[in-house]
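Structural description and commentary
Letter by letter, the chains look like this.
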Amino acid sequence: MYITAKGVFDVALNGKDVSDDVMPPGYTPYKKRIETITYDVTNLIESGQNTIGVELAAGWHSDV
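Below you will find a few notes about this structure. (Residues numbered from 1 in each chain as written. Predicted model: local features only at pLDDT ≥ 70, side-chain atom pairs only at ≥ 80, totals over all residues. Heavy atoms only, no water.)

**Comments concerning the overall build of the protein**
Secondary structure assignment for the protein yields zero helices and five strands. In the protein, the succession of helices and strands from N to C terminus is β-β-β-β-β. Once the C-alpha set of the protein is aligned to its principal axes, its extents read approximately 45 × 20 × 15 Å. Within the protein, the fraction of its 64 residues that count as buried is 31%. (Helix = DSSP H or I, 4+ residues; strand = E, 2+ residues; numbered from the N terminus. Buried < 20%, exposed > 50% of the residue type's maximum accessible area, 1.4 Å probe, protein only.)

This is the structure in structure tokens:
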């Protein structure tokens, strides 16, 4: 799974967290870049339909 946001996030697949990360992606100067994080979710994918849940929050704000 590739995920990015202009803020911090928590992501789950089929009700299970995809990682132990806390408030990824960490400090990011959004005017210069937006980081993409990759998670291997192979073991969380189920046969048939799957559900992705994402919680978003404001991230690091900087005028730099």
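**Focus: unusual backbone geometry**
Going from Pro24 to Pro25, the amide bond is cis rather than trans, its omega being 10°. With respect to the secondary-structure elements, Pro25 resides in the loop between strand 3 (16–17) and strand 4 (37–38). Non-glycine residue Asn14 carries a positive phi angle of around 55°. Considering the arrangement of structural elements, one finds Asn14 in the loop between strand 2 (8–13) and strand 3. Its identity is not glycine, yet Met23 carries a phi of approximately 55°, on the positive side. Position of Met23 among the secondary structure elements: in the loop between strand 3 and strand 4.

**A closer look at the pattern of salt bridges**
Close approach of charged atoms lets side chains of opposite charge pair. In the structure shown here, the tally under the stated rule is one salt bridge. In this structure, the salt-bridge partner of Arg33 is Glu35, at a minimum N-O distance of 3.5 Å. The exposure class assigned to Arg33 is partly exposed, which follows from its relative accessible area of 41%. (Salt bridge = Lys/Arg side-chain N within 4 Å of Asp/Glu carboxyl O.)

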